[in-house]
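Architecture at a glance
Spelled out, the chains give:
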Amino acid sequence: MHAFSLPGPRPETPAAEGGVAVTARAQVVGIEAVLDPSGALYWPAEETLVVSDLHLETGSSYARSGQMLPPYDTCLTLGRLADAVARHAPRRLIALGDSFHDPFGPERLADDHRALLAAFCRRMEVVWITGNHDHAAAETLGGAAVETLRLGGVTFRHVPGGEGVEVAGHLHPAAHVVVRGQSLKRRCFVGDARRLVMPAFGVLTGGLPVTDAAFAGLWRERPRTWAIGRRRVYPV
Amino acid sequence: MPEPFAGWFASRGWAPRRHQLDLVEKAEAGRSTLLIAPTGAGKTLAGFLPSLIEIARDNRGRNAPLREGPHTLYISPLKALAVDIARNLEAPIAEMDLPVTVETRTGDTPQNRRRRQKERPPDILLTTAEQVALLVSQADAERYFSELKVVIVDELHSIVTSKRGDLLALGLARLRRHAPGLRTVGLSATVADPQELCGWLVAQAEGHASTRADLLVVEGGAKPDITILKSQARVPWSGHMTRWALPDIYALIKAHGTTLVFVNTRSQAEMLFHELWRINEDTLAIALHHGSLDRAQRRKVEAAMAANRLRAVVCTSTLDLGIDWGDVDLVIHVGAPKGASRLAQRIGRANHRMDEPSKAVLVPSNRFEVMECQAALDASYLGHQDTPPVGDGALDVLAQHVLGMAVAAPFDPLLLYEEIVSAYPYRRLDWETFERVVDFAATGGYALRAYERYAKIRRRKDGLWRISHPKIAQQYRLNVGTIVEIPNLTVRLVARRGRTLTRGGRVLGTIEEYFLNTLAPGDTFLFAGDVLRLEGVRDNEALVTRSKQKEPKIPYYGGSKFPLTTYLATVVRGMLADPDRRRALPEQVRDWLDIQAERSLLPKADELLVETFPRGNRHYLVAYPFEGRLAHQTLGMLLTRRLERMGLHPMGFVASDYALAVWGLADLSTAFDGAERAMGDLFNEDLLGDDLDEWLADSVLLKRTFRACAEIAQLIERRHPGTEKTGRQVTVSTDLIYDVLRTHEPDHILLRATWADAATGLLDIRRLGEMLARVKGDIVHQRLEKISPLAVPVMLEIGREIVHGEASELLMSEAADALVREALE
């Protein structure tokens, strides 16, 4: 059962597609982590669930400029999040920034969705890392807003490339997997011993190939990649 | 013919041709007319003559020479053609000293000239479908077109089957409202159903039988002289590169003044050009022309061709239409033509004068293509045509047009609907669909009405729809048109200095991002006739260096392969079934088919032959529907899904234009022994139900189709004021939008548009459905001990997609020998 129920369209969850979500255990940035096919990372030792780049209200953001994208993304992204929360029952939730697609996103949030986020904040400690778009998010939604968070020797921040061991987002990594001559693009986790870049969590959020120049210089060693499939996470 | 025209013809020693006089007569009677004539018949001049006569007469009597807008619009499918026609009109106008002005307006025309064309309109405006859409969306359109008398549409046969045709049809419907007496003239090559085109040219009235333009047909002059290449070399069993015939092709080029060498795909063009230069001992001037080459490079080739400096051009469909070259002595068609009408059109490119036969040689790439070439040749002599029918108008184009009409002026939905259904492709559009399209244009048309406050167009109290903000008009204009670029990268030649790459080398052309994603830095591929090495990707550019390597990966251009037309497929099936017609085929091919008849069987024309046999440790199923590669690919996807569900665990499949092979570990001969399961259960029509639906969820082809629809319907913008987005930079992924829509709003209007495209486009579902219906009860299942001769070609396709280059060609020929021995022993 979902811990939270949502009005509106059926959330596009792995479970709803007729399968059971299969998580993957992985040793990343020196911690034992669980990679969730929703695009979240769960850190059992800290009972912490990490997501990045939710980009809530992407549809309405484009609609403002005349491009009428389907208005279902916030509902679906939050459904995805509610599922991941139900799977791992975390004590803490960290959103690594760009939680909204633009600075006015929180104002456009529907009441149901606002209530859901408030419920998250009541049930667990919610930390909003402030990304490009969401300085105001925490004030309207509850939870704490910080620029970075240190936890068990790991720094959580939005933009990768800082000091020390870090978990970051911002770049929306995607991997190209060539299957029988057909190239498929999938969201992915990418990281080495020192740094992990999280996939974007939002349902309408596109990806940047990990071969892109933006990722160059982030790694000390050849990074490992885990691509997100329909129901599971695959090491590439 | 009035003066000075009669005198002008006489002074050049010409007599006006019958159809030229006929068209003048039709014009005097105010009749819209379709003129069907072969190349070289003076079709274009015929189209313009009535306008020249009328304008000259009007302008002589005019006190104020300034008009509100043009008298005649000429629409061409190619920008270059419009420019060329303008040049060709100059001569007669100057020689007769006619008071007639002619100008062109295309996407390349600078702003100041466009403005001037508004202030001082020319008598004749030569333009494109996109420009018509822009012109009718302007606030002064009604005044500007108030004096319009004639619209001439050139190469009508080519435009009506595309989305550009739909856009133009809608534009014409609007022009008819501004200029009620408007006359249209269609110029076309021969088509299967001229009556459709006649309908397309005039307004359709609701509830009435289709109204039509008059039809004038000029019979072709001399029959073309077409032969199938006779070579000493062995025709291979499979493959598309036609390497076997290279020496013969080279000899033909050498023996003729100027040769056009047509191929079906860009990769074939690249390969053939590369190989011809390898054996070009006489350094004949052989050039290359295809759509991915840099535009400047293409123009150079065209200019050299026009100046008679080339001996041969290896080209794709980019040269199917357009400028007459003059002296082409020979057309070589490498690979089967895939369609009888396409072949006729291409051969027509060699026609200098109507009464001289044009000469063409067909070069089949493999044995099946020998049959296909023979079928096309027969059709050509019989004058049979297989141009596709005009389909229902696309809904994405309609959405764009509706927005454009709100940009022009506030519209009354009832009046706009009436106008739209007067356009031939939209004559069957129902009111409910129209309303949904308007709703889509306004707020995206979603069940969850979340975007009312951002609506692009709104219905006001007076009942009229108008744009909500002037910037909507600007956005519309930037994104008008139906040509969707597939995401491309510029290919730039750089030099490597140690570990760094130099900046700013020469641009060689563009390449599809889809293909590039399958390459890793260091991989080589063939492009612009050279073997290139991918060094890396920077912004929107693929940086390459020249490579000395001889085994490149071959460029893959998705969608550039034409499927075999239904007509040719039927003829080939008939040929297989008819011993008399088989006797006309070359000996090698005949022998092959005779052994097939002995070992397995040759299906009757209305039968579907399915063979199952073991080979190695696998079991194979080979079917021969002859419905073209696209439909076979879709069928392959569906069959493997169904076999999977039957617990037979297929491992893969491969499709050609003629056949389809599926393989796995399970014994398919016993699995379909007719007792528990029959082959008919596998090829049941219900394949197109749930299986198809499920598969489509993941289909890359459908996502590409959706992307095009979303851009044309202006759901997402290709260009935004101030920026020029390329496919790569569109930040929101249309694949993700597609996923969301499919799950949560499966009957959205854009998905309907996508589905309609898929039915006839990349997935060819309609044809597959017709085939499944046709063969119902006529499936012949042959359980064989080993591979049959007919199966050899498609079996050779297995693995072809992953091995490339010369070494693999050797591998393939070894594999071929082994398979052939097996099949024939």
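Residues numbered from 1 in each chain as written. Chains lettered and ligands numbered in written order. Predicted model: local features only at pLDDT ≥ 70, side-chain atom pairs only at ≥ 80, totals over all residues. Heavy atoms only, no water.

Chain A goes by Ligase-associated DNA damage response endonuclease PdeM in an unreviewed UniProt entry, where it is assigned to Acuticoccus mangrovi.

Here's the deal with the overall build of chain A
The criterion, for reference: Strands here mean DSSP runs of E at least two residues long; helices mean DSSP runs of H or I at least four residues long; both are numbered from the N terminus. Each residue gets one of three labels from its accessible area relative to the maximum for its type: buried under 20%, exposed over 50%, partly exposed in between, using a 1.4 Å probe on protein chains only. Residue contacts follow a heavy-atom distance rule, with two residues in contact if any of their heavy atoms lie within 4.5 Å. Reported accessibility uses the Shrake-Rupley method at a 1.4 Å probe radius. Residues are deemed covered only where the shown protein chains occlude them.
Helix and strand counts for chain A stand at 5 helices and 16 strands. When each of the 236 residues of chain A is scored for burial, the buried share is 58%. Expressed as a percentage of contacts within chain A between residues at least 6 apart in sequence, the contacts between residues at least 24 apart total 67%. Surface summary for chain A: the accessible area is close to 9500 Å², and the carbon and sulfur share equals 50%.

Here we look at the packing of aromatic side chains
Quick note on the threshold: Any two of the Phe, Tyr and Trp rings considered here, Trp counted by its six-membered ring, make a pair once their centres fall within 6.5 Å; the pair's planes then place it as stacked at under 30 degrees, edge-to-face at over 60, or tilted in between. Lysine and arginine charges are scored as sitting over a ring when NZ or CZ, respectively, is within 6 Å of the ring centre and within 35 degrees of the ring normal.
With the rule as written, the count across this model stands at 20 aromatic pairs over all chains. Taking the centre distance of 5.7 Å and the plane angle of 85 degrees together, the rings of B:Trp8 and B:Trp14 count as edge-to-face. A relative accessible area of 43% means that B:Trp14 is categorised as partly exposed. Taken together, a centroid distance of 6.3 Å and an interplanar angle of 40 degrees make the contact between B:Tyr620 and B:Trp663 tilted. With B:Tyr620 in strand 24 (residues 618-623) and B:Trp663 in strand 26 (residues 660-664), this residue pair connects regions lying 43 residues apart in the sequence. The class of B:Tyr620 is buried, set by a relative accessible area of 7%. Taken together, the ring pairs in this structure connect A:Tyr72, B:Tyr446, B:Tyr451 and B:Tyr454 into an aromatic cluster. A cation over a ring is seen here: B:Lys118 above B:Tyr144, with NZ or CZ 5.3 Å from the ring centre. Stacked on the ring of B:Tyr424, the Lys or Arg B:Arg427 has its end atom at 3.8 Å from the ring centre.

Digging into the pairing of strand 1 (residues 24-28) of chain A
Residues and elements named next belong to chain A. Counted only if it meets this: When DSSP locates at least two bridges between a pair of strands, those strands are taken to pair.
Residues Ala24, Ala26 and Val28 point to one face of strand 1 and are all buried, whereas Arg25 and Gln27, pointing to the other face, are not buried. As judged from the 5 bridges shared by strand 1 and strand 2 (residues 31-35), these two strands associate in the antiparallel manner. Residue valine 28 lies in a different strand from strand 2, and its bridge partner there is isoleucine 31. Counting the residues between successive antiparallel strands, the hairpin from strand 1 to strand 2 contains 2 residues, one of them, valine 29, with a positive phi of roughly 35 degrees.

Observations regarding the packing of helix 16 (residues 395-408) of chain B against helix 19 (residues 470-478) of chain B
All names here are of chain B. For clarity, the threshold we go by: Helix axes are fitted only over the stretch in contact, all axes being lines through C-alpha atoms; the angle between N-to-C directions runs from 0 to 180 degrees. Roughly parallel means an angle under 35 degrees; roughly antiparallel, over 145; roughly perpendicular, 65 to 115; everything else is oblique. We call a crossing left-handed when the near helix sits turned anticlockwise from the far one by less than a right angle, and right-handed when that turn is clockwise. Under the convention adopted here, Pro, Cys and the residues Ala, Val, Leu, Ile, Met, Phe, Trp and Tyr are nonpolar, Asp, Glu, Lys and Arg are charged, and Gly plus all remaining residues are polar.
Across the interface, helix 16 lies against helix 19 with an axial gap of 10 Å and an inter-helix angle of 135 degrees. The orientation of helix 16 relative to helix 19 falls into the category oblique. Our pair here, helix 16 against helix 19, has a crossing hand that is left-handed. Across from Gln400, Leu403, Gly404 and Val407 in helix 16, the residues of helix 19 making contact are Ile472, Ala473, Tyr476 and Arg477. Split by residue class, the contact of helix 16 with helix 19 holds 5 nonpolar, 2 polar and 1 charged.

A short note on the pairing of strand 7 (residues 214-217) of chain B
Residue and element names in this part refer to chain B. Every second residue of strand 7 is oriented toward a common face, the buried set being Asp214 and Leu216 and the non-buried set Leu215 and Val217. As paired strands, strand 1 (residues 33-36) and strand 7 are joined by 4 bridges and run parallel to one another. Of the residues in strand 7, the one forming a bridge with isoleucine 36 is valine 217.

With respect to the sheet that holds strand 20 (residues 524-527) of chain B
All names here are of chain B. On the basis of which strands lie adjacent, the open sheet formed by 5 strands has the order 19-16-22-21-20 and mixed pairing. Edge strands, defined here as strands with exactly one partner in the open sheet, are strand 19 (507-512) and strand 20. Each adjacent strand pair in this sheet contributes to an overall mean axis angle of 45 degrees, direction not counted. Where strand 16 (residues 488-493) lies against strand 22 (residues 541-546), 4 bridges are found, and the strand directions are parallel. Looking at strand 22, one finds that valine 491 is bridged to alanine 542.

Points about the nonpolar core
All names here are of chain B. We count it as follows: Joining through side-chain atoms within 4.5 Å is the link that ties buried Ala, Val, Leu, Ile, Met, Phe, Trp, Tyr and Cys residues into a set, and such a set is a nonpolar core.
Counting 123 residues, the largest nonpolar core has Leu175, Trp200, Val402, Ile457 and Phe683 as its most contacted members. Broken down by element, this core gets its largest block of residues, 9 residues, from helix 16. Those residues in contact with isoleucine 457, other than ones at most four positions away along the chain, are Val402, Leu403, Ala406, Val438, Ala441, Ala442, Trp465, Arg466, Ile467 and Ser468. The next biggest cluster of nonpolar side chains, apart from the first, holds 88 residues, and it includes Ala360, Val361, Tyr620 and Leu796.

Re the pattern of salt bridges
Residue and element names in this part refer to chain B. For the record, the criterion: The term salt bridge refers to a pairing of a side-chain nitrogen on Lys or Arg with a carboxyl oxygen on Asp or Glu at a separation within 4 Å.
On inspection of all chains with the given rule, the structure shows 46 salt bridges over all chains. Measuring nitrogen to oxygen at the nearest pair gives 2.6 Å for the salt bridge that ties aspartate 580 to arginine 583. One end of the pair is aspartate 580 and the other is arginine 583, both in helix 22 (residues 579-583) and 3 residues apart, which spans about a single turn. Overall, arginine 583 belongs to the exposed group, its relative accessible area being 54%. Residues glutamate 627 and arginine 774 are paired through a salt bridge, measuring 2.8 Å at the closest nitrogen-oxygen approach. Taken together, the positions of glutamate 627 in the loop between strand 24 and helix 24 (629-645) and arginine 774 in helix 31 (residues 765-775) put the pair 147 residues apart, joining distant regions of the chain. Its relative accessible area of 3% is what places glutamate 627 among the buried residues. A relative accessible area of 29% means that arginine 774 is categorised as partly exposed. Residues joined by salt bridges that share partners form a network here, namely Glu68, Lys118, Asp140 and Arg143.

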